[in-house]
Amino acid sequence: MLTGKHLIAGEWVGSGAEFTSQPASGDAARFANGGAAEVDRAVQAAERAFWSYSALPRERRAAFLDRIADEIEARGADLTATGHAETGLPTARLEGERGRTTGQLRLFAKHIRSTDFLDLRHDPALPDRQPLPRPDIRMMQRPVGPVAVFGASNFPLAFSTAGGDTASALAAGCPVVVKGHPAHPGTAEIVAQAIAAAIAAEGVDAGVFSLIQGNTTELGAALVQHPLVTAVGFTGSLGGGRALFDLCARRPVPIPFYGELGSVNPVFLLPAALAARGEAIAKGWAASLTMGAGQFCTNPGVVLAIEGPEADAFVAAAKEAVGAIPAQVMLTDGIAEAYRRGRDRVAATAGVREVLTSVCDRRNATPYLFETTGDEWLSNHALGEEVFGPLGLIVRVTDFAQMEAVARSLEGQLTCTLQMEAADTDLARRLMPVLERKAGRVLANGFPTGVEVCEAMVHGGPYPASTNFGATSVGTMAIRRWLRPVSYQNLPEALLPDELRQ
């Protein structure tokens, strides 16, 4: 049963204001619409909980994460039904995402059972060193404090209430206050119920987690500006993320804002690959481009191919494959409207030609294909702006030198993809220094949709793909965002953290 309320430090709390959900199917529901008062109550509780939670042995925190995963799985059927009604996402996708969510929690539990993430270092004292002795210095990573997390529209489980930001912050020893996304408030509440059950079962301070529901920009602003919030995790649009980033920077005490803001994720078709398997690549690209109505931050929205008959054949094959994709329901009415505005912007751009057009209305999305030239791309910065949805742009370059020039012109990306054969190796080698500088993940002969949750994954990149090029929101390195190094000089062992003692 849904309460329609916030979960603040173990209590279900209403607000004077409410908002109405906009489900893809079924009846709408009313939810509390939080503001500054709810934010202050939740963050104050998180600050109080920090002292005990950050001091918990790593095994206790790991057991807590495992219990959250168990409680989410116990509510699997309710989560799938509610998530499907609210977002329109297929049940198979939601079930897979639930497995990814619990897998992330268990991965972080496993990760913190080892001390590797603490980056332990010790320089023993050298009392006889000349001209001056060296003191005993030890170092380790410590949690930063209460963390604010923003739920994402396109991943109601894996990037939302108990998603990667929450899991990594809790693993680090930081209490979390989540702003639920208004696209799926019921799903958020069920996950919050699971976390509350885990808190009770593991005897953790209830202030370690709060969920505040709401659909106003004022709620997000109040959360990132609260003086006790020490860092922010965000997955969403460039506009919304940049506004919050600026608020964090303008605080009297600025704090880090780890925003993942999306990108166009270009695919480079190298000549031998295009000649050998252009049709197969076109079909694979069409499937990746339209997966989930294109509502992935790693959606490969741009393809580059060298002009010629092979490029003509690729465009024809892509048009046929994309044209076979039916209309799909988008996550919200607002996202569907933004998709149509993006389509209109691209279609009205000089030098852009329609390859495949269709009609979509209300909350439905149909795919679109456009093409342009390398010259037009290099002269029009707006062509590199993301359209969130199943819209593809094929850039025909005159030769490899222009392909390299387009690569150099790119803004920061989450991913860059090489489609290549062995004969393309020398060209690929020339591109690699550029792609490494532009993207957080470079891949070959695949497509970027599908971000593996593992030790080595990087889901981030130079701005505007993310606001911190040294961070990732997926993989165990994500925990570093919520830790800071502390050195201990000549401290008695009795005062040292357990992991630093002899």
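(A) Geometry of the overall build of the chain. The helix and strand inventory of the chain stands at 14 helices and 21 strands. With respect to the three principal axes, the spread of C-alpha positions in the chain is 75 × 70 × 40 Å. Considering the chain as a whole, with its 502 residues, one finds that 56% of them fall into the buried category. By sequence separation, contacts in the chain at least 24 residues apart represent 76% of the contacts at least 6 residues apart. Here the chain displays about 20,000 Å² of accessible surface, and carbon together with sulfur accounts for 54% of that area. The distance from the centre of the 45 positive side-chain charges to the centre of the 54 negative ones in the chain is 4 Å.

(B) Expanded view of the packing of aromatic side chains. The tally for this structure, following the rule as stated, stands at 12 aromatic pairs. Between F234 and F257 the ring centres are 5.6 Å apart and the planes differ by 35 degrees, which places this aromatic pair in the tilted class. One end of the pair, F234, is in strand 10 (residues 231-235); the other, F257, is in strand 11 (residues 257-260), with 23 residues separating them in the sequence. Residues F234 and F257 agree in their burial class; the two are buried. Relative to F257, the ring of F245 lies with its centre 6.2 Å away and its plane at 75 degrees, an arrangement referred to as edge-to-face. Here F257 lies in strand 11 and F245 lies in helix 8 (residues 238-250), a separation of 12 residues in the sequence. Taking the relative accessible area as the measure of exposure, F245 reaches 26% and is therefore partly exposed.

(C) Main features of the pattern of salt bridges. Summed over all chains, the structure comprises 27 salt bridges. Here R277 makes a salt bridge to E421, at a shortest N to O gap of 2.6 Å. Of the two residues, R277 sits in helix 9 (residues 271-290) while E421 sits in the loop between strand 19 (413-419) and helix 14 (425-438), which places them 144 residues apart along the sequence. For R277, a relative accessible area of 22% puts it in the partly exposed group. On the basis of relative accessibility, which here comes to 29%, the residue E421 falls in the partly exposed class. Measuring nitrogen to oxygen at the nearest pair gives 2.5 Å for the salt bridge that ties E307 to R396. Residue E307 is located in the loop between strand 13 (302-306) and helix 10 (309-323), and its partner R396 is located in strand 18 (residues 391-397); the two are separated by 89 residues in the primary sequence.

(D) Representation of the packing of helix 2 (residues 58-74) against helix 4 (residues 91-113) in the model. As a packed pair, helix 2 and helix 4 sit with axes 8 Å apart at the nearest point and diverge in direction by 170 degrees. As summarised for this structure, helix 2 and helix 4 are arranged roughly antiparallel, according to the angle between their axes. Across from R58, E59, R61, A62, A63, L65, D66, I68, A69, D70, I72 and E73 in helix 2, the residues of helix 4 making contact are R98, T101, T102, L105, R106, F108, A109, I112 and R113. Here the contact of helix 2 with helix 4 is built from residues that sort into 10 nonpolar, 2 polar and 9 charged.

(E) Focus on helix 6 (residues 185-202). Compared with the 26 Å implied by 1.5 Å per residue over 18 residues, the 26 Å span of helix 6 between its first and last C-alpha is a close match. The element helix 6 is largely enclosed, with a buried count of 13 among its 18 residues. Of the residues trailing helix 6, G203 is marked for its positive phi of about 70 degrees.

(F) Broad picture of the packing of helix 3 (residues 76-87) against helix 4. Where helix 3 meets helix 4, the closest approach of the two axes is 9 Å, and the angle between their N-to-C directions is 130 degrees. With respect to each other, helix 3 and helix 4 are oriented oblique. Handedness of the helix 3/helix 4 crossing: right-handed. Of helix 4, the residues touching helix 3 (which contributes G76, L79, T80, G83 and H84) are T91, L94, E95 and R98. Of the residues that constitute the contact of helix 3 with helix 4, the class distribution is 2 nonpolar, 5 polar and 2 charged.

Criteria and cut-off values
Residues numbered from 1 in each chain as written. Predicted model: local features only at pLDDT ≥ 70, side-chain atom pairs only at ≥ 80, totals over all residues. Heavy atoms only, no water. Helix = DSSP H or I, 4+ residues; strand = E, 2+ residues; numbered from the N terminus. Buried < 20%, exposed > 50% of the residue type's maximum accessible area, 1.4 Å probe, protein only. Contact = heavy atoms within 4.5 Å. Areas by Shrake-Rupley, 256 points an atom, 1.4 Å probe, with all protein chains shown as cover. Lys, Arg positive; Asp, Glu negative; His and termini not counted. Charge placed at Lys NZ, Arg CZ, Asp CG, Glu CD. Phe/Tyr/Trp six-rings, centres within 6.5 Å; stacked < 30°, edge-to-face > 60°. Salt bridge = Lys/Arg side-chain N within 4 Å of Asp/Glu carboxyl O. Axes fitted to C-alpha atoms, helices over the stretch in contact; angles between N-to-C directions. Parallel < 35°, antiparallel > 145°, perpendicular 65-115°, else oblique. Nonpolar A, V, L, I, M, F, W, Y, C, P; charged D, E, K, R; others polar. Expected span 1.5 Å × (residues − 1). Left-handed = near helix turned anticlockwise from the far one by under 90°.

Spatial relationships are all this shows, so hold off on functional conclusions.
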